[in-house]
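Architecture and fold: a report
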Amino acid sequence: GHVDFTAEVERSLRILDGAIAVFCAVGGVEPQSETVWHQADTYGVPRIAYINKMDRIGADFFSVIEEIRKKLAANPLPVQIPIGKESGFKGVIDLVEFKEIYWNPDDNGRTYTYEPLLPEHLPEAELWREHLLDTLSHYSDALTELYLDGKEIPKDLIRSILRKETISRRLVPVFSGSSLKNTGVQPLLDGVVQYLPA
């Protein structure tokens, strides 16, 4: 939302069921992003966040997560983490599926594949999956019991808790990608269906 369109944005927010807040992986939370975010708070609009331009020089996914937490007083929860950054950005790790997603450059990212986690990506993926489950356990006794018993946590349970807490505006699921290369777009649209109001 450019500052010139503040009035239009405000009028739109009155009728929205949900929104995707798009942040630049380099610029982070910009002043107009703050304005629109607070307008969305006023109208009670549930949101998911998308950190775009992961392939640009200076991209920093985790720095933007911190900015969302501090500047917007939100509770961002990554459901994906990027594989690499800048020119080394290759794909994303889906923390719910616990798999890597890669896009096909030959068809401009129209097709993509889920792959098993590579050993070198496992430590960071486990760390962030633990963070995801730990955060969600605050909102669900069922998940907490499974978590404490060391049992497998069903993906449907993870998604249903995420959906409930996103709609109640206690959590903001965070996705990442590079829209120019069509990388990360399809899982983001799935996220709209899974976590925002029908």
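Located above this text is the structure these notes cover.
Analysis parameters
- Residues numbered from 1 in each chain as written.
- Predicted model: local features only at pLDDT ≥ 70, side-chain atom pairs only at ≥ 80, totals over all residues.
- Heavy atoms only, no water.
- Helix = DSSP H or I, 4+ residues; strand = E, 2+ residues; numbered from the N terminus.
- Rg over C-alpha atoms; globule rule 2.2 N^0.38 Å.
- Buried < 20%, exposed > 50% of the residue type's maximum accessible area, 1.4 Å probe, protein only.
- Contact = heavy atoms within 4.5 Å.
- Areas by Shrake-Rupley, 256 points an atom, 1.4 Å probe, with all protein chains shown as cover.
- Pairing = 2+ DSSP bridges.
- Axes fitted to C-alpha atoms, helices over the stretch in contact; angles between N-to-C directions.
- Expected span 1.5 Å × (residues − 1).
- Core = buried A, V, L, I, M, F, W, Y, C linked by side-chain atoms within 4.5 Å.

A word on the overall build of the protein
When helices and strands are tallied, the protein shows 7 helices and 8 strands. By the compact-globule yardstick of 16 Å for 198 residues, the protein fits well, its C-alpha radius of gyration being 17 Å. The principal-axis extent of the C-alpha atoms belonging to the protein is close to 50 × 45 × 30 Å. Every one of the 198 residues in the protein was classed for burial, and the buried ones make up 44%. When contacts within the protein are restricted to residue pairs at least 6 apart in sequence, those whose partners lie at least 24 apart make up 67%. Surface exposure of the protein reaches about 10,200 Å², of which carbon and sulfur atoms provide 54%.

Some remarks on the sheet that holds strand β8 (residues 172-176)
Judged by pairing direction, the sheet is parallel, and its 4 strands sit side by side in the order β1-β2-β8-β3 without closing on themselves. Lying at the two open borders of the sheet, with one neighbouring strand each, are β1 (19-24) and β3 (76-78). Averaged over all pairs of adjacent strands, the angle between strand axes in this sheet comes to 30°, irrespective of strand direction. Pairing geometry for β3 and β8, over 3 bridges, is parallel. Note on β8: the bridge partner recorded for Pro76 is Val172. Along the sheet face, helix α3 (residues 61-71) touches β1, β2 (47-52), β3 and β8 and points at about 155° away from the line of β3.

Thoughts on helix α4 (residues 122-137)
End to end, α4 covers 22 Å across 16 residues, agreeing with the expected 22 Å (1.5 Å per residue, within 8%). By the burial criterion, the buried members of α4 are Ala125, Trp128, Arg129, Leu132, Leu133, Thr135, Leu136 and Ser137. Where α4 is buried, its residues contact α3, β3, β4 (80-83), β5 (91-94), α5 (141-148) and α6 (155-167).

With respect to the nonpolar core
Of all hydrophobic cores here, the largest spans 48 residues; its most connected members are Phe23, Ile51, Ile68, Leu132, Leu136, Ile158 and Leu162. When residues in this core are grouped by element, the largest group, 5 residues, is from α4. Look past the residues within four positions of Ile158 in its chain and what remains in contact with it is Val96, Arg129, Leu132, Leu133, Leu136, Leu143 and Ile153. Of all hydrophobic cores here, the second largest spans 5 residues; its members include Val9, Leu13, Ala19 and Ala40.

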